[in-house]
Amino acid sequence: MRIVVLMKPVPDPGEERLGADGRLDRAVSAVINGNDEYVLEAALQLVEANGGEVTLLTMAPAGITDPIRKALAMGATRAVLVSDPALGGACAWSTAQVLAAALRTLEYDLVLAGADTSDGGGGVVGAAIATLLHHPYLSRARKIEPIEGGVRVERISAAGHDVLEAELPAVVAGTQLLGEPRYPSLRGIMGARSKEIAIRTLAEIGLADRPVGGAHATTTLVDARPPASRGSTRVVRGLEPVAAAAAIVDFLVERRAL
Amino acid sequence: MTAAPALGRLTDDQRAIRDAVRTLARDRVAPRAAEIDRSAAFPEDLRLLLAEQGILGLPFPERFGGLGADLLTVCLAIEALSAACATTGLILAVQELGALPLLLAGTEEQLGRFVPGLAAGRDLIAFALTEADAGSDAAAVRSRAVRDGETYVISGTKRFISHGSIASLVTVFAVTDPEADRRRRLSAFVVETASPGFSVSRLEHKMGIRGSPTAELAFDGVSVPVANRIGAEGDGFGLAMRTLDRSRPGIAAQAVGIAQGALDAAVAYAGQRRQFGRAIGEFQLVQGLLADMDARTEAARQLLYTACEEIERGGIDAGRWSALCKLVAGDAAMAVTTDAVQVFGGYGYLDDFPVERMMRDAKITQLYEGTQQIQRLVIARALLGRDA
């Protein structure tokens, strides 16, 4: 099974900050979007059990390679990075068009996406790509398994879960119920440096003169504000559980809350 | 990590490996550290984890299933593990120590026989030089290896052997020629611990690194094939010294890790613990302690990294660099962990917090693989160009 995993590098959660233009500063340390790491794990397990290979597809500034290297170290076969200066400030619709165009240049049976991202949070790119490519779309997956000629997915529902089947190729959006991602082994890390990261411009995926990217965003950012300060908050972090509990008890005793 | 060590001198691979081991140490090792210390039980689960993740394969050549990492990379891994748990960092350090005589002087046939199991982490190997009356005076070993046709028969007792009770292989140094000059008396052998006549005669109860078993090993006429002798007869003492030149940085790395772990815990605590209506980290006397701890730790770390590069270059000064980094890092770990307990005040004296464990663990880094006094001797001899 040939699987493409859509992977977005996001600012390390908790470390996000806004740049002068009001957009997220992409220079802070980037990590693999949490949900994407879970669907990558599911993809790796699928090819380990059934054969095949996993290709990462990413749209990001060219300098952001650490998260891609980590995903390769976890076991992905190769990576395709669509990177073009015109893409800064792209909206979700632009992103979907770009990734769909990149997918047209690849061979695949299944596309996996995380349910949403920790920075944008729109959660629509996977569905938009399925629409553009006329593929079935199966959302909120907690389990993905191959069947003859197709894929079966357990989709989280309000009442429990639904079982859905679709023909391939298909797009599946996965959740963290798929199961904990692995740690990259040191062997994987050493091996990742010889794996290919193919960088593609808009022209190379056939979108040279198309209305995509920041200049053609369908939405306009008019204001960006950090959350209102809630005064001094003490975060107990970095201690062993018993010590952390003791620090919290200290805090409460000091305020006569205990 | 509250403090970020300098990055500039590390390669992309070294940085990636360090970060991966650090993540693993934070998520999987740190939560086990207090229990490992309390129970004094060897963390077999973490040994398997280190094997699975390829960490135990770092020091071994790629052609035998290892990762072929350089000394600095091995030390980065030991440092990252030791910041969470000194016992766990020692699993890698001892594996390297035990295997070094083979890696330095083993034949291709010997490497092919022993290294794949070690690199995969299936087998552990211990290093058995020290005896009850041959500690700092390592050449005073009394264990005998007597040649009998195609085998040697080894008899004697080894003391203070890390992993001695759990290893499947032990590199043993024994006297093959009692009449020879003290530097030519010893030879080195790989002994399989399943051999008849081998037994663990005692397990020590220790102040620190309590999860790491330290054994007394009895060799009662253990028969070892000649094919298991490492190097020529009489090469043992020189091989042991060359081994220590390369293994002491591992102990320095353990020491730097312990110091960093204690510093991180102290910084976190100083930001949270409130007295006189404010966080104790706002008081300059506490700030002074933290700043000195950071300066000591970073100085030891940079000396260690330089020593690794110098030793890897293979200069004649390897012994001096190796002793320098162990001396400075061991003392830094002892001072920094002691200060960490001070930052915690009375709470630091309780085993509810990790710093008292780190202080007990730090002490061993001033003692093993040559006491700090022996390191000074090695350094002074290098300076003065003397052999004795």
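Residues numbered from 1 in each chain as written. Chains lettered and ligands numbered in written order. Predicted model: local features only at pLDDT ≥ 70, side-chain atom pairs only at ≥ 80, totals over all residues.

1. Considering the overall build of chain A
Part 1 of the reasoning: The helix and strand inventory of chain A stands at six helices and eleven strands.
Part 2 of the reasoning: Expressed as lengths along the three principal axes of its C-alpha atoms, the size of chain A is roughly 65 × 45 × 45 Å.
Part 3 of the reasoning: Counting over 258 residues, chain A shows a buried share of 38%.
Part 4 of the reasoning: Across chain A, every contact between residues at least 6 apart in sequence was considered, and the portion connecting residues at least 24 apart equals 71%. (Helix = DSSP H or I, 4+ residues; strand = E, 2+ residues; numbered from the N terminus. Buried ≥ 20, exposed ≤ 12 C-beta atoms within 10 Å, placed from the backbone. Contact = placed C-beta atoms within 7 Å.)

2. Let's talk about the overall build of chain B
Part 1 of the reasoning: Secondary structure assignment for chain B yields ten helices and ten strands.
Part 2 of the reasoning: For 388 residues, the compact-globule formula gives about 21 Å, and the C-alpha radius of gyration of chain B, at 21 Å, lands near that figure.
Part 3 of the reasoning: Scored against the burial criterion, the 388 residues of chain B give a buried share of 54%.
Part 4 of the reasoning: Restricting the contact set of chain B to residue pairs at least 6 apart, pairs at least 24 apart contribute 75%. (Rg over C-alpha atoms; globule rule 2.2 N^0.38 Å.)

3. Notes on the sheet that holds strand β5 (residues 78-82) of chain A
All names here are of chain A.
Part 1 of the reasoning: Ordered by their spatial adjacency, nine strands build an open sheet running β9-β8-β7-β10-β6-β1-β4-β5-β11, and the pairing between neighbours is mixed. Every other strand in the sheet has two partners, leaving β9 (160-167) and β11 (197-200) as the edge strands with one partner each. Direction aside, the axes of adjacent strands within the sheet are offset by 30° on average.
Part 2 of the reasoning: Sheet topology places strand β1 (residues 2-6) next to strand β6 (residues 110-114); three bridges connect them, and they run parallel. Paired with V5 across the strands is L112, a residue of β6. (Pairing = 2+ DSSP bridges. Axes fitted to C-alpha atoms, helices over the stretch in contact; angles between N-to-C directions.)

4. Some details on the domain arrangement of chain A
In many reports, interface size means the accessible area that the parts give up when they come together.
Part 1 of the reasoning: What the domain assignment lists for chain A is domain 1 (2-216) and domain 2 (227-258).
Part 2 of the reasoning: Taking only C-alpha atoms into account, the centre of domain 1 of chain A sits 38 Å from that of domain 2 of chain A. (Domains from an automatic or database assignment.)

5. As for the interface of chain B and chain A
Part 1 of the reasoning: Each side of the interface is counted separately: chain B has 21 residues, and chain A has 21 residues.
Part 2 of the reasoning: Of all the secondary-structure elements, those providing two or more residues to the side of chain B that touches chain A are α1 (12-39) and α6 (236-272) of chain B.
Part 3 of the reasoning: Broken down by element, the residue count for the side of chain B that touches chain A peaks at seven residues, all from α1(B).
Part 4 of the reasoning: Tallied by class, residues from the side of chain B that touches chain A come to eleven nonpolar, five polar and five charged. (Nonpolar A, V, L, I, M, F, W, Y, C, P; charged D, E, K, R; others polar.)

6. Here we look at the pairing of strand β3 (residues 151-162) of chain B
All names here are of chain B.
Part 1 of the reasoning: Both strand β2 (residues 144-148) and β3 contribute to a ladder of five bridges, which runs antiparallel. Paired with R147 across the strands is Y152, a residue of β3.
Part 2 of the reasoning: Hairpin geometry of β2 and β3 is characterised by an intervening segment of two residues between the two adjacent antiparallel strands and by a positive phi of about 65° at G149.
Part 3 of the reasoning: Two strands pair when backbone bridges link them, and β3 and strand β7 (residues 214-225) are joined in this way by ten bridges, in the antiparallel orientation. Its bridge partner being in β7, I154 is matched across the sheet by V222.

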